[in-house]
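The primary structure of each chain is shown beneath.
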Amino acid sequence: MVTFRLLITRWSIRAVRCAPMTRALLLAIALTGPFAGPLAAQDDTPVRLLGFGDSITQGFGDAGGSIDCDSPADAGGYGPRLANRLAGLGLDVEVRTRGVCGEITAGGLSRLDDVLDAERPEVLLVMEGVNDLSNSLFISVETVRFNLNEMATRAQEREIVPIMSGILPRNPVECGSNNRLAFLSGELGIDAGLRGLWFANPFPVFDTLPDRFERFYFDPWHPNSLGYDVLADVFDTPAAGAVQQVLDDRVRPEPCVKSDRVLCLNQGRFKVEVDWRDFEDNEDAGRTIELTDDTGQFWFFNPSNVELVIKVLDGRENNDHFWVFYGALSTVEYTIVVTDSVTGVRKLYRNALNELASVGDTMAFFSPPPPDDPPPPDDSPPPDDPPPDDSPPPDDPPPDDPPPPDDPPPDDGGDGLIALPDDAFDGLRRLNPTRSFMTAPEPCVETANALCLNQGRFKVETEWTALGMTDRGVGVRQSADTGYFWFFDSRNVELVIKVLDGRENNGNFWVFYGALSNVRYAITVTDSETGAVTIYENPTGTFGSRADTFAFTGEMPPDDPPPDDPPPDDPPPDDPPPDDGEG
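Positions within a chain are numbered from 1, following the residues in the order the chain's sequence is written. Note on the predicted model: pLDDT of at least 70 is required for a residue's local features to be given, and 80 or more for side-chain atom pairs to be given and counted; whole-chain, interface and lining totals, by contrast, use all residues. To get the side-chain values, all heavy atoms of the structure are used, and hydrogens and water are removed first.

*Asks:* Please set out the pairing of strand E13 (residues 306-314) residue by residue, giving values where relevant.
*Replies:* Taken across its nine residues, E13 has eight buried, putting it largely inside the fold. In this description, strands pair whenever DSSP reports at least two bridges between them. Think of it this way: any DSSP run of H or I at least four residues long counts as a helix, any run of E at least two long counts as a strand, and we number them from the N terminus. Taken together, the five bridges between strand E12 (residues 295-299) and E13 define a ladder with antiparallel strand orientation. In the sheet register, Gln-297 faces E13, and the bridge partner there is Val-309. Between E12 and E13, which pair antiparallel in sequence order, lie six residues. Partly exposed residues are those whose accessible area sits between 20% and 50% of the maximum for their type, while under 20% is buried and over 50% is exposed, using a 1.4 Å probe and protein chains only.

*Asks:* I'd like to hear about the pattern of salt bridges, residue by residue, with values.
*Replies:* Any Lys or Arg side-chain nitrogen found within 4 Å of a carboxyl oxygen on Asp or Glu counts as a salt bridge. This structure, assessed with the given rule, holds 37 salt bridges. One salt bridge connects Asp-74 with Arg-96, and the closest N-O pair in it is separated by 3.8 Å. Placement of the pair is Asp-74 in the loop between helix H2 (62-65) and helix H3 (78-88) and Arg-96 in strand E4 (residues 93-99), with a sequence separation of 22 residues. Linking Glu-494 and Lys-311 is a salt bridge whose minimum nitrogen-to-oxygen distance equals 3.3 Å. Placement of the pair is Glu-494 in strand E24 (residues 493-502) and Lys-311 in strand E13, with a sequence separation of 183 residues. Owing to a relative accessible area of 0%, Glu-494 belongs among the buried residues under this scheme.

*Asks:* Got a sec to walk through the confidence of the model for the chain? Specific residues and values, please.
*Replies:* In this model, the chain carries an average pLDDT of 80, and 76% of its residues clear a pLDDT of 70 or more. Scored from 0 to 100, pLDDT reflects the predictor's confidence in each residue. Throughout, a residue-residue contact means that at least one pair of heavy atoms, one from each residue, lies within 4.5 Å. Contacts from residues 1-42, a stretch scored under 50 in pLDDT, to residues over four places away or in other chains number 301 contacts. Overall, residues 397-432 carries pLDDT values under 50, and its contacts beyond four positions in sequence, including any with other chains, amount to 56 contacts.

*Asks:* Could you give an account of the packing of helix H5 (residues 141-157) against helix H7 (residues 179-195), with specific residues and numbers?
*Replies:* Where H5 contacts H7, the axes come no closer than 10 Å and their chain directions differ by 35 degrees. Crossing handedness for the pair H5 and H7: right-handed. Of H7, the residues touching H5 (which contributes Val-141, Val-144, Arg-145, Leu-148, Asn-149, Ala-152, Thr-153 and Gln-156) are Arg-180, Phe-183, Leu-184, Glu-187, Leu-188, Asp-191 and Arg-195. Residues belonging to the contact of H5 with H7 are distributed by class as follows: seven nonpolar, three polar and five charged. Axis definition: a line fitted to C-alpha atoms, limited for helices to the stretch in contact. Angles are taken between N-to-C directions and run from 0 to 180 degrees. Crossing chirality is assigned from the near helix's rotation relative to the far helix, an anticlockwise turn below a right angle marking it left-handed and a clockwise turn marking it right-handed. Gly is placed with the polar residues, together with every amino acid not listed as nonpolar (Ala, Val, Leu, Ile, Met, Phe, Trp, Tyr, Cys and Pro) or charged (Asp, Glu, Lys and Arg).

*Asks:* Pulling in residues and values, what's your account of the sheet that holds strand E25 (residues 508-515)?
*Replies:* Sheet strands line up and pair through hydrogen bonds in the backbone, either parallel or antiparallel. Within the open sheet, the five strands sit side by side as E22-E23-E24-E25-E28. Their pairing is antiparallel. Each edge of the open sheet is held by one strand with a lone partner, namely strand E22 (474-477) and strand E28 (545-553). On average, adjacent strands in this sheet sit at an angle of 20 degrees to one another, irrespective of strand direction. As paired strands, E22 and strand E23 (residues 482-486) are joined by four bridges and run antiparallel to one another. Note on E23: the bridge partner recorded for Gly-475 is Phe-485.

*Asks:* Help me get a handle on the sheet that holds strand E14 (residues 321-328), residues and values and all.
*Replies:* Reading across the sheet, the five strands line up as E11-E12-E13-E14-E17 and stay open at both edges, with antiparallel pairing between neighbours. If you trace the sheet from one side to the other, it starts and ends with strand E11 (287-290) and strand E17 (358-366), each paired once. Direction aside, the axes of adjacent strands within the sheet are offset by 25 degrees on average.

*Asks:* Got a sec to walk through the packing of helix H4 (residues 105-119) against H5? Specific residues and values, please.
*Replies:* Interaxial distance between H4 and H5 falls to 9 Å at its minimum, and their mutual angle equals 15 degrees. The orientation of H4 relative to H5 falls into the category roughly parallel. Relative to H5, H4 is oriented so that their crossing is left-handed. Seen from H4, the contacting residues are Thr-105, Ala-106, Gly-108, Leu-109, Leu-112 and Asp-113; seen from H5, they are Val-144, Asn-147, Leu-148, Glu-150, Met-151 and Arg-154. When the residues that make up the contact of H4 with H5 are grouped by side-chain class, the tally is six nonpolar, three polar and three charged. Should an angle lie under 35 degrees it is considered roughly parallel, over 145 roughly antiparallel, and from 65 to 115 roughly perpendicular; all remaining angles are considered oblique.

Have a look at this one:
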């Protein structure tokens with residue numbers, strides 16, 4: 001899962017009859033997930049959460065229509081309801097809303113700085129854009145999307161936790177199709193995911209309510225009191241996560257002390273812990289395996305069976321942040337907590353049951369590098385002025401053509417992370433494709449580029465491509481079933497893979513891998529007994545983990561036959577015939 005941040009946009013639709021109203025779902029996905037419970041903080045002052053947007057943020061239509069554009073701020077709408085829900089979770093939060101009826105996102109962007117200066121929030125929930133997509137206006141989805149992303153950026157620049165939100169459907173009978181509203185909401189979710197921001201999307205929630213426009217709307221665009229109840233319900237979990245993120249920022253820093261349950265990565269600065277819960281509700285803490293200064297692993301059930309690999313890299317030369325990457329080889333529920341021991345800032349990444357995630361968070365911990373020391377002052381006396389030169393100046397030579405500028409070096413993002421290409425969105429929507437075929441079986445021979453896993457039966461190789469270069473990964477075996485590969489530097493793990501014998505469950509061998517790189521690569525697994533080959537391919541710009549429980553079929557070895565029955569004893573000899581006296 002991933003950490004998302006809080007942006008609230010208010011919609012006001014009064015100036016335009018069918019201005020599209022967007023309802024923002026504050027959904028916190030902290031690079032992983034939902035609210036995890038309050039932590040000890042340095043102070044107990046309420047967290048300040050600001051809802052920002054149009055007439056929906058203003059609460060228009062609440063209380064039987066008594067709340068309108070002239071009502072005082074914070075009089076109604078989702079704000080008071082959200083405050084009550086957060087208080088019920090044990091969180092002390094001051095929720096304020098600043099919505100302007102009829103506002104489009106360009107207007108919101110122009111007033112945002114002044115509002116942030118005046119309100120000084122710690123969390124910003126933005127829900128806006130429905131008025132831009134009004135039938136009487138011709139503002140493109142891309143323009144709205146840009147404006148909302150810029151609002152989130154301005155919040156981050158002020159160290160405010162943003163939450164991005166989708167918008168609400170309007171009554172199509174009076175306002176026309178909701179297609180553009182649905183499309184915008186989906187694209188904002190993709191943007192939030194790529195940026196590691198909290199996100200909420202109320203559009204599908206409202207779109208599936210029974211008799212929604214009769215029961216939950218005051219007019220074709222605005223919710224009624226019941227509708228604002230629903231909107232607050234949608235916002236409470238992500239808002240709680242964003243508030244928790246603020247509380248995490250207040251935690252007193254402590255040195256990292258490594259143990260069998262704690263990794264201390266990147267020169268010991270970052271403390272990493274994992275808690276897991278399986279399908280039978282068994283719970284425990286993950287146990288650690290150190291790999292390099294930046295990288296470590298956790299096992300849950302058996303030391304030889306790695307479930308999670310994680311690394312923390314110093315990306316400050318690129319974007320003033322430390323980066324967190326992890327790849328999973330397990331579909332159980334788990335929560336990763338990464339704490340910066342220097343600042344006390346904490347990030348939570350959560351994986352739900354049946355999810356298999358790889359995550360690259362290049363905005364995990366903001367920490368600009370310290371400035372270079374200024375050069376020492378020059379205390380030497382100034383040189384004497386040279387005597388004036390009375391000779392006539394030489395003729396000016398013709399200017400040389402300036403040399404062509406050097407081509408800039410390609411940006412690989414550093415440490416196995418490459419810059420996202422233009423089609424990165426498409427890449428993130430694709431599943432990792434596989435190919436399978438048969439070859440002549442031959443024994444597995446382990447080399448620097450090939451691992452032999454599961455009692456030496458399965459040969460595993462990798463090949464990567466980045467910046468016009470192609471090479472083979474270097475493998476390191478960790479146990480009979482598990483190993484990892486590095487691409488660029490032996491200290492920087494890129495892939496962890498394991499091959500398990502699942503024949504007692506479904507008659508197959510299983511292949512699991514977790515990636516900490518978004519370069520293009522291919523994993524080739526070969527069954528040395530049958531010659532079956534399966535190739536797993538990862539496109540550029542994608543973080544991929546995979547659990548293939550149908551990777552290779554295999555018959556169970558036959559049971560030992562029962563021992564043969566011993567041969568029967570020789571029959572006793574026939575009795576001699578009776579002596580009749582003759583002969």
